[in-house]
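# Residue-level structural notes
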Amino acid sequence: MIPATLTPSTAAGIHWDAIIVGAGPAGSATAIRLSRGGLRVLLLDRGMMPRPKVCGCCLSPQAMAELESLVGRSASDPQPVPLRLVRILARGGLAQIAMQGGGTLSREALDPLLVRRAIDAGAEWLPQCSVRDCEDDSNEVRVRVQLNGAPATGVSATLRGDLCILATGLADHVRIRSRATPTAPSQPRRRQLPASRIGLGATLAPEAGSLPGGELVMAVGRSGYVGLIRLEDGRIDVAAAIDATAITAAGSSALALADLVSDACSAAPELVLRPSLLAAAVRATRPLTHVSPLVAGDGSGIFRVGDAAGYIEPFTGEGMGWALTSARILANALIGGRSDGRPIGRGNGQVAGKYRNDYADAFAAHHARCRAIARAVRHPLLVAGAVRAAALSPRIAARLLPWVVGGRSAGPAAVRSEADR
Ligand SMILES: Cc1cc2nc3c(=O)[nH]c(=O)nc-3n(C[C@H](O)[C@H](O)[C@H](O)COP(=O)(O)OP(=O)(O)OC[C@H]3O[C@@H](n4cnc5c(N)ncnc54)[C@H](O)[C@@H]3O)c2cc1C
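Residues numbered from 1 in each chain as written. Predicted model: local features only at pLDDT ≥ 70, side-chain atom pairs only at ≥ 80, totals over all residues.

## Re the overall build of the protein chain
When helices and strands are counted, the protein chain shows eleven helices and 23 strands. In the protein chain, once contacts between residues fewer than 6 apart in sequence are set aside, the share between residues at least 24 apart is 72%. (Helix = DSSP H or I, 4+ residues; strand = E, 2+ residues; numbered from the N terminus. Contact = placed C-beta atoms within 7 Å.)

## Describing the nonpolar core
One finds Leu43, Val238 and Leu257 to be the most contacted residues of the largest nonpolar core, which totals 130 residues. The element that contributes the greatest number of residues to this core is helix α8 (residues 319–336), accounting for ten residues. The two domains that each donate at least three residues to this core are domain 1 (8–54 + 108–193 + 289–373) and domain 2 (65–104 + 194–288 + 376–420). If sequence neighbours within four positions are ignored, Leu257 has contacts with Leu200, Ala202, Val238, Ala240, Leu277 and Val282. (Core = buried A, V, L, I, M, F, W, Y, C linked by C-beta atoms within 7 Å. Buried ≥ 20, exposed ≤ 12 C-beta atoms within 10 Å, placed from the backbone. Domains from an automatic or database assignment.)

## A closer look at the site of the ligand
Close contacts around the ligand come from 45 residues, with Gly24, Gly56, Gly169, Gly306 and Gly319 the closest. Of all the elements, α8 adds the most residues to the shell around the ligand, at four residues. Across the shell around the ligand, the residue classes break down as 22 nonpolar, 17 polar and six charged. When residues of the shell around the ligand are assigned to domains, at least three fall in each of domain 1 (8–54 + 108–193 + 289–373) and domain 2 (65–104 + 194–288 + 376–420). (Near = placed C-beta within 6 Å. Nonpolar A, V, L, I, M, F, W, Y, C, P; charged D, E, K, R; others polar.)

## A closer look at the sheet that holds strand β21 (residues 310–311)
The strand order across the open sheet formed by three strands is β13-β19-β21, and the pairing between neighbours is antiparallel. Across the chains shown, the open sheet's two edge strands, defined by having one partner strand only, are β13 (191–192) and β21. Pairing between strand β19 (residues 290–291) and β21: two bridges, direction antiparallel. If you follow His290 over to β21, its bridge partner there is Tyr311. (Pairing = 2+ DSSP bridges.)

## Let's talk about unusual backbone geometry
One can expect most non-glycine residues to show negative phi and most peptide bonds to be in trans. The step from Met49 to Pro50 runs through a cis peptide bond, and the omega angle for that step is 5°. Residue placement: Pro50 occurs in the loop between β2 (41–44) and β3 (58–59). Not every positive phi belongs to a glycine, and Cys57 is a case in point at roughly 65°. Tracing the backbone through its elements, the reader meets Cys57 in the loop between β2 and β3. For Gln128, which is not a glycine, the phi torsion comes out positive at approximately 55°. The residue Gln128 is located in the loop between β8 (124–126) and β9 (129–136) in this model.

Shown next as structure tokens:
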């Protein structure tokens, strides 16, 4: 556990350049970059660090590159396990492709690493502090928090600053009241894709199943799809996107996840893991695919970053890379928009405009590709056809599968099909 670097009452007595809500990859990366840029930063989270998070724990090549530019490479830091093979299973078909450039690291290792680096960079850290609402006027942002930890349970406080950055992930329940732009039309709200799938996840003991390290299994079933990977400490991470109706029909998240894994991994019985899944603590998310406003208005000092700004179902395993990239883009816009050493997010449409434009440039193509894949994986027979084509032609696999899993192929020669085995 990473202890707080200051007390809530001390935090309430300081006027912050930036208050960052949420210490996942997006929030911590923003805190590191703004602190290194000379801003006085408070990073807070409603939980302790580490904390559980539903995630496939695969770092795309983009995420690995962002991470290296942010924290460098130190032998004393937790090291991602290189990702060398992806197996895609659908309706009894199997395609395998060698990958390069990606890795896997548990969220219990990655997230605290980033929080520690934010503290090293000069940010203050306040865990167990839940933000309820955030109010913006022409002078400052006021962030109202509830203190979750003993002995202060139930106590609330108001924090003040120039900027509030919501890095609250899919949860993003923070209410915003903006008086900075009273003449602006009412703010657009979170837009949820109708019938978006729900995330389910569990971490299993090392002996739960037979899965070599460095191999990612992506398996598509009727009610959703699931990724399985062995983490750096030997545990097996299971993360799925599933129809909400399947959870209702099964009667519990654990049963729905076990049913999906049994269906999707029928071609690999060693991965069915049913008894372990039924005994596991299975966590669920909100519906996954959504878009929310990046900025609470042109004159506002309230910004969103990472999953809080938008997310698309996780088949391609790129969310952490997007979170780290959006943090870099936002920090560049804010630091570039400083005058007299102070951030001028508020009242400066140029900062908001730069963030929106750079975000669209960075993500429009990726998001369109991922939306297309999210639609395709709703048709397991279509995926099974693509998997069979990939298994028959290593050249097709080498072109198709990296597009699908958001990584780089190690080349056609490295692709093996079921027929080769
Ligand atoms: C099933 C599934 C599989 C996935 N697999 C992968 C994968 O393999 N690879 C990949 O790159 N991505 C994957 N992702 C996506 C990835 O998990 C996210 O994109 C990533 O965690 C986003 O980081 P973030 O910092 O925006 O949000 P988060 O990591 O969710 O962090 C948000 C933080 O905000 C805190 N918070 C929320 N509300 C408040 C509040 N009101 N007050 C204070 N704190 C608050 C939370 O406690 C949390 O710590 C997957 C997601 C799912 C659901």
